[in-house]
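Spelled out from the first residue to the last, the chains are:
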Amino acid sequence: AAAPTDAARAAALEEASIAVERAETHAKGELMRRSALGRMGRAIEPAFAPIGWDWKVAVAVIASFPAREVVVSTLGVLYDVSGDDDESTALRDRLKAARWEDGPRKGQPVFDLGAALALMVFFALCLQCVSTLAVMRKETGSWGWPAFAFAYMTALAYLGAWLTAAVTRALA
């Protein structure tokens, strides 16, 4: 038998590297599912289900309260997507393919138009920035206003997201 060429060895090494990266990403996703945050996401999934979000979106929302930009990387980990895709096409494809794992919506898409628009509305309205809350606390000298603003804006974001999802689904 002929010895493998350098190109064949390079191709095999590349395939092995990709397989290892996928395995590592999958392991991160499994750890997230079993983590305290993952269990919390499953526990509060019923609160987010009327908007159309499953536990993974709930986890991403919870994780993003310190800083909203964390939502994309959290969804990437939960949907087993590596971070080397600058265009986020892999994450986009995984989100399009995402299905409810259980419950009355089992097998249905997680991200229909209503759920996607609701996610955007939620993040547009929700006060998800710890540094903003800290500045509010410093400026007011108390945690009262930051707590009120956080609760009010979170409730407004939830209501806006729910209304967006409901109206979008009614018009569809």
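Residues numbered from 1 in each chain as written. Predicted model: local features only at pLDDT ≥ 70, side-chain atom pairs only at ≥ 80, totals over all residues. Heavy atoms only, no water.

## Let's talk about the overall build of the protein
And then number 1: Each helix and strand in the protein was counted, giving 8 helices and 0 strands.
And then number 2: Here the protein, with 172 residues, has 33% of them falling under the buried criterion.
And then number 3: Across the protein, contacts joining residues at least 24 apart in sequence account for 58% of those joining residues at least 6 apart.
And then number 4: Surface exposure of the protein reaches about 10400 Å², of which carbon and sulfur atoms provide 66%. (Helix = DSSP H or I, 4+ residues; strand = E, 2+ residues; numbered from the N terminus. Buried < 20%, exposed > 50% of the residue type's maximum accessible area, 1.4 Å probe, protein only. Contact = heavy atoms within 4.5 Å. Areas by Shrake-Rupley, 256 points an atom, 1.4 Å probe, with all protein chains shown as cover.)

## Remarks on the environment of Gly 160
And then number 1: Within the secondary structure, Gly 160 sits in helix H8 (residues 144-171).
And then number 2: On a C-alpha basis, the gap between Gly 160 and Val 121 in space is 6.4 Å, while along the polypeptide they are 39 residues apart.
And then number 3: Setting aside anything within four residues of it in sequence, one finds Gly 160 in contact with Val 121 and Leu 125.

## Quick notes on the packing of helix H6 (residues 113-125) against H8
And then number 1: Between H6 and H8, whose axes approach to 8 Å, the crossing angle comes to 155°. The pairing of H6 with H8 is recorded here as roughly antiparallel in orientation. Note on packing geometry: the crossing formed by H6 with H8 is right-handed. For the pair formed by H6 and H8, the contact residues are Leu 113, Gly 114, Ala 115, Leu 117, Ala 118, Val 121, Phe 122 and Leu 125 on the first element and Met 153, Thr 154, Leu 156, Ala 157, Tyr 158, Gly 160, Ala 161, Thr 164, Ala 165, Thr 168 and Arg 169 on the second.
And then number 2: When the residues that make up the contact of H6 with H8 are grouped by side-chain class, the tally is 13 nonpolar, 5 polar and 1 charged. (Axes fitted to C-alpha atoms, helices over the stretch in contact; angles between N-to-C directions. Parallel < 35°, antiparallel > 145°, perpendicular 65-115°, else oblique. Left-handed = near helix turned anticlockwise from the far one by under 90°. Nonpolar A, V, L, I, M, F, W, Y, C, P; charged D, E, K, R; others polar.)

## Re a nonpolar patch on the surface
And then number 1: Together, Leu 159, Trp 162, Leu 163, Val 167 and Leu 171 make up an exposed nonpolar region whose accessible area comes to about 510 Å².
And then number 2: The topology assignment puts Trp 162 in helix H8.
And then number 3: According to the relative accessible area criterion, Trp 162 is partly exposed, its value standing at 36%. (Patch = residues over 30% accessible without salt bridge, like charges linked within 9 Å, V, L, I, M, F, W, Y side chains within 5 Å. Salt bridge = Lys/Arg side-chain N within 4 Å of Asp/Glu carboxyl O.)

## Thoughts on the nonpolar core
Within soluble globular proteins, side chains that are nonpolar generally end up buried alongside one another.
And then number 1: One finds Trp 53, Val 61, Tyr 79, Phe 111 and Phe 122 to be the most contacted residues of the largest nonpolar core, which totals 30 residues.
And then number 2: Listing elements by their share of this core, those giving two or more residues are helix H3 (55-63), helix H4 (70-78), helix H5 (89-97), H6 and H8.
And then number 3: When residues in this core are grouped by element, the largest group, 6 residues, is from H3.
And then number 4: Sequence-distant contacts of Phe 122, that is, excluding residues within four places in its chain, are made with Trp 53, Val 61, Phe 65, Gln 128, Thr 154, Ala 157, Tyr 158 and Ala 161. (Core = buried A, V, L, I, M, F, W, Y, C linked by side-chain atoms within 4.5 Å.)

## Examining the pattern of salt bridges
And then number 1: Taken as a whole and assessed by the stated rule, the structure comprises 3 salt bridges.
And then number 2: Arg 169 serves as the salt-bridge partner of Asp 112, at 2.9 Å between the closest nitrogen and oxygen. One end of the pair, Asp 112, is in the loop between H5 and H6; the other, Arg 169, is in helix H8, and 57 residues separate them in sequence.
And then number 3: Connected through salt bridges with shared partners, the residues Arg 42, Lys 56 and Glu 101 form a single ionic network.

As far as function goes, none of this settles anything; it's purely spatial.
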